[in-house]
Amino acid sequence: MRYFLDTEFNGFGGCLISLGLVPEEGDQDYYVVIPMTEEATPWVARYVLPYLESVPRTLYNRLDPLAAAHDIAAYLSTDPEPEIVADWPEDIALFARLLVIGEGEIADVSNIRFHFLRTPGFSTAANSRVPHNALHDARALRDFVLSTER
């Protein structure tokens, strides 16, 4: 199954702040907030941090990166061939980096395919119910992609 991905991160090359995965089918969304290890850029402090918790508390956890990697692996464990779809390359890079849990070790995930999808003229933030919240932005991406495939 496809899972639509969005992340929030601390500016260009900055640390991962949050990650949202939304399945193509069903309502088992995934959202995690990672405690920041560096000072937020002014843009992130203004447009991202205030909206991290703009989802029901039952939908997310605050986890350190190692726990988040294991949590994502558990979330995807029932899908033998998950495909992660993103419209920004850094989202894929941050997701893949999170799965690396130690030197030469990755979280217990099966085969994962990544699909980078160019979306000219579409902005997840402009179409999101809560712009710059990874879960809401991932939902906007899913809705856009599915609407263009109909």
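Look a little higher up for the structure.
Note that the structure is predicted; figures quoted are calculated from it, not measured.

Visitor: Looking at this structure, how should I read the sheet that holds strand E5 (residues 83-86)?
Guide: Within a sheet, each strand pairs with its neighbour through backbone hydrogen bonds, oriented either parallel or antiparallel. Spatially, E4-E3-E2-E1-E5-E8 is the arrangement adopted by the six strands of the open sheet, whose pairing is mixed. The sheet is open, and its two borders are formed by strand E4 (60-62) and strand E8 (113-116), each paired with just one other strand. Strand after strand, the sheet turns through a mean of 20° between neighbouring axes, direction not considered. Judged from the four bridges that link them, E5 and E8 form a sheet pairing that is parallel. Note on E8: the bridge partner recorded for Val85 is His115. Taken strand by strand, helix H3 (residues 89-98) contacts strand E1 (2-9), strand E2 (16-23), E5 and E8, and its axis lies near 95° from that of E1. Running at roughly 140° to E1, helix H5 (residues 134-149) makes contact with E1, E2, strand E3 (30-33) and E5 of the sheet.

Visitor: Would you mind going over the environment of Asp143 with me for this structure?
Guide: Looking at where Asp143 falls in the secondary structure, it is placed in helix H5. Sequence spacing of Asp143 and Val22 is 121 residues, and the spatial spacing of their C-alpha atoms is 10.0 Å.

Visitor: Explain the nonpolar core to me, please; I cannot follow it from the model alone.
Guide: When a protein is soluble and globular, its nonpolar side chains tend to lie buried together. The biggest cluster of nonpolar side chains holds 26 residues, and the ones touching the most others in it are Leu19, Leu21, Tyr30, Ile72, Leu76, Ile84 and Phe95. The set of elements that each furnish at least two residues to this core consists of E1, E2, E3, helix H2 (65-76), E5 and H3. It is H2 that contributes the most residues to this core, six residues altogether. If we ignore the near neighbours within four places in the chain, the residues touching Phe95 are Leu5, Leu19, Leu21, Ile72, Leu76, Ile84, Ile112 and Phe114.

Visitor: Any chance you could explain the side chain of Arg2 here in plain terms?
Guide: Here Arg2 shows up in strand E1. Within the structure, the side chain of Arg2 is placed 2.8 Å from the side chain of Glu24, a separation counted as a polar contact. Separated by 2.7 Å, the side chains of Arg2 and Glu149 make a polar contact. With residues near it in sequence (within four places) discarded, Arg2 still touches Val22, Pro23, Glu24, Glu83, Val85, Val145, Leu146 and Glu149.

Visitor: Got a minute to help me understand the environment of Met1 in this structure?
Guide: Looking at the secondary structure, you find Met1 in the segment before E1. As a C-alpha pair, Met1 and Arg118 span 117 residues in sequence and 19 Å in three-dimensional space.

Visitor: Got a minute to help me understand the pattern of salt bridges in this structure?
Guide: Oppositely charged side chains may form a pair once their charged atoms are brought near each other. Considering all chains together, one arrives at six salt bridges under this definition. The residue Glu149 makes a salt bridge to Arg2 at a minimum N-O spacing of 2.7 Å. Residue Glu149 is located in helix H5, and its partner Arg2 is located in strand E1; the two are separated by 147 residues in the primary sequence. Judged by its relative accessible area of 47%, Glu149 is partly exposed. Of the charged contacts in the structure, one is a salt bridge between Glu83 and Arg113, with a shortest N-O distance of 3.6 Å. Here Glu83 is found in strand E5, whereas its partner Arg113 is found in strand E8, with 30 residues between them in sequence.

Definitions and limits used
- Residues numbered from 1 in each chain as written.
- Predicted model: local features only at pLDDT ≥ 70, side-chain atom pairs only at ≥ 80, totals over all residues.
- Heavy atoms only, no water.
- Pairing = 2+ DSSP bridges.
- Helix = DSSP H or I, 4+ residues; strand = E, 2+ residues; numbered from the N terminus.
- Axes fitted to C-alpha atoms, helices over the stretch in contact; angles between N-to-C directions.
- Contact = heavy atoms within 4.5 Å.
- Core = buried A, V, L, I, M, F, W, Y, C linked by side-chain atoms within 4.5 Å.
- Buried < 20%, exposed > 50% of the residue type's maximum accessible area, 1.4 Å probe, protein only.
- Polar contact = N/O pair within 3.5 Å; in protein donor to acceptor, adjacent residues only side chain to side chain.
- Salt bridge = Lys/Arg side-chain N within 4 Å of Asp/Glu carboxyl O.

Everything listed is a geometric property; what it means functionally is a separate question.
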